[in-house]
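Residue-level structural notes
Take a look at the letters that make up each chain.
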Amino acid sequence: MFKNIERKYIMNIFMTFTDFLSEIYGENCEIVLHEITEEGSSIIAIKNGHISNRAIGIEKDDVLKKQIEISKGNSYSANRFHKTIEGGDMKSNSFFIKDSSGELIGILCVNIDLSSIITLNKITEKFLSEFMNNTLNNNHKVNEEEETIEEYTYRIMKKIVNQSDVPVDRMNMEEKIEILRLLKEKGVFRIKGVVREVAKQLDVSETSIYRYLREIE
């Protein structure tokens, strides 16, 4: 008689917890209250049952049987992962409800549907990745705009010279004139003061640079 009264009292308290937790966690969290008796187990309260497609009533659940086994010697089970009916990820947490004698009389389960969180995380990662790439590209453009004539000329020349098998200090005049032609095609000589830098890089006089440029024309 006392055990029945105690059972009813304890389960009524957890019925209130079902509503309370549902208000806290919202529609992406399923709250299920199982009652365990000698005859079997049944759901006596459930919130957001659409996650597992369950409702109040007698149940046959292999997962619940495992939870009953886990309850022996444990007060709760946390952070276990399962699949929703749609194949999404769900994190399950169970609190084992026991009477004063230590007998299991119920299980309160809090099952969090992670599908929306995982989708949001993927969207966030993609956004951050694109944002970081754009930021790096913009910084690169800013750095290029802030280059001195010497730095800009050296960078363009290095790119062109790297395409040649001959280093600058071993180039003959024809090879240097070819470098000038490529620099001209890239519009390098439109920049004021660049002739001086090119002459220094190629180790020729500025007068020679102007003469070769006329010949290229």
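This text goes with the structure placed above it.
With respect to the environment of C109
Relative to the elements of secondary structure, C109 occurs in strand 6 (residues 104-113). It is 8.0 Å that separates the C-alpha atoms of C109 and H34, two residues lying 75 residues apart in sequence. The contact partners of C109, leaving out residues within four places of it in the chain, are E30, I31, V32, H34, N93 and S94.

Points about the pairing of strand 2 (residues 40-47)
When strand 1 (residues 29-37) meets strand 2, the two strands line up antiparallel, connected through seven bridges. Paired with E35 across the two strands is S42, which belongs to strand 2. Here strand 1 folds back onto strand 2, and the loop between the two strands holds two residues. In the sheet, strand 2 pairs with strand 3 (residues 57-58) via two bridges, with the strands oriented antiparallel. When the sheet's bridge partners are listed, I43 is paired in strand 3 with G57.

Points about the nonpolar core
Membership of the largest hydrophobic core comes to 18 residues, with the highest contact counts inside it found for I179, L180, L183, F189, V198, L202 and I209. When residues of this core are traced back to their parent elements, those giving at least two are helix 4 (149-161), helix 5 (173-185), helix 6 (194-202) and helix 7 (206-216). Those residues in contact with F189 that lie beyond four places of it in its chain are L180, L183, K184, V194, V195, V198, I209 and L213. I10, L21, V110 and L114 belong to the second-largest nonpolar core, a separate cluster that totals 14 residues.

Things to note about the pattern of salt bridges
Enumeration over the complete set of coordinates arrives at 10 salt bridges. When the shortest N-O distance is used, the salt bridge between K47 and D19 registers 3.3 Å. Linking K47 in strand 2 with D19 in helix 1 (residues 2-25), this pair joins segments that are 28 residues apart in sequence. Taking relative accessible area as the criterion, K47 reaches 32% and is therefore assigned partly exposed. Its relative accessible area of 38% is what places D19 among the partly exposed residues.

Concerning unusual backbone geometry
Unlike most non-glycine residues, N48 shows phi in positive territory, near 60°. You will see that D203, though not glycine, has its phi angle at about 60°, which is positive. Position of D203 among the secondary structure elements: in the loop between helix 6 and helix 7.

Looking at the pairing of strand 1
The buried count for strand 1 comes to eight of nine residues, which makes it a mostly enclosed element. Taken together, the seven bridges between strand 1 and strand 6 define a ladder with antiparallel strand orientation. Residue pairing for strand 6: I31 is matched across the bridge by V110.

Considerations on the environment of S116
Checked against the element boundaries, S116 lands in helix 3 (residues 115-145). Sequence separation between S116 and G88 is 28 residues, and the spatial gap between their C-alpha atoms is 9.1 Å.

Re the packing of helix 6 against helix 7
At a closest axis distance of 9 Å, the pairing of helix 6 and helix 7 adopts a crossing angle of 105°. The angle between the axes of helix 6 and helix 7 places the two elements in the roughly perpendicular class. Judged by residue contacts, V195, R196, V198, A199 and L202 of helix 6 engage E206, I209 and Y210 from helix 7. In terms of residue class, the contact of helix 6 with helix 7 is made up of six nonpolar, no polar and two charged.

A few points about a nonpolar patch on the surface
A cluster of nonpolar residues, Y9, I13, F17, F20, I24 and Y25, forms a patch on the protein surface that exposes about 640 Å² of accessible area. Note that I24 resides in helix 1.

Regarding the sheet that holds strand 4 (residues 76-83)
Within the open sheet, the six strands sit side by side as 3-2-1-6-5-4. Their pairing is antiparallel. At either margin of the open sheet sits one strand with a lone partner, and together these are strand 3 and strand 4. Strand direction decides the pairing type here: strand 4 and strand 5 (residues 89-98), joined by six bridges, are antiparallel. Bridging from a neighbouring strand, Y76 pairs with F95 of strand 5. Set on the sheet, helix 1 makes contact with strand 1, strand 2, strand 5 and strand 6; between it and strand 1 the angle comes to about 170°.

Definitions and cut-offs
- Residues numbered from 1 in each chain as written.
- Predicted model: local features only at pLDDT ≥ 70, side-chain atom pairs only at ≥ 80, totals over all residues.
- Heavy atoms only, no water.
- Helix = DSSP H or I, 4+ residues; strand = E, 2+ residues; numbered from the N terminus.
- Contact = heavy atoms within 4.5 Å.
- Pairing = 2+ DSSP bridges.
- Core = buried A, V, L, I, M, F, W, Y, C linked by side-chain atoms within 4.5 Å.
- Buried < 20%, exposed > 50% of the residue type's maximum accessible area, 1.4 Å probe, protein only.
- Salt bridge = Lys/Arg side-chain N within 4 Å of Asp/Glu carboxyl O.
- Axes fitted to C-alpha atoms, helices over the stretch in contact; angles between N-to-C directions.
- Parallel < 35°, antiparallel > 145°, perpendicular 65-115°, else oblique.
- Nonpolar A, V, L, I, M, F, W, Y, C, P; charged D, E, K, R; others polar.
- Patch = residues over 30% accessible without salt bridge, like charges linked within 9 Å, V, L, I, M, F, W, Y side chains within 5 Å.
- Areas by Shrake-Rupley, 256 points an atom, 1.4 Å probe, with all protein chains shown as cover.

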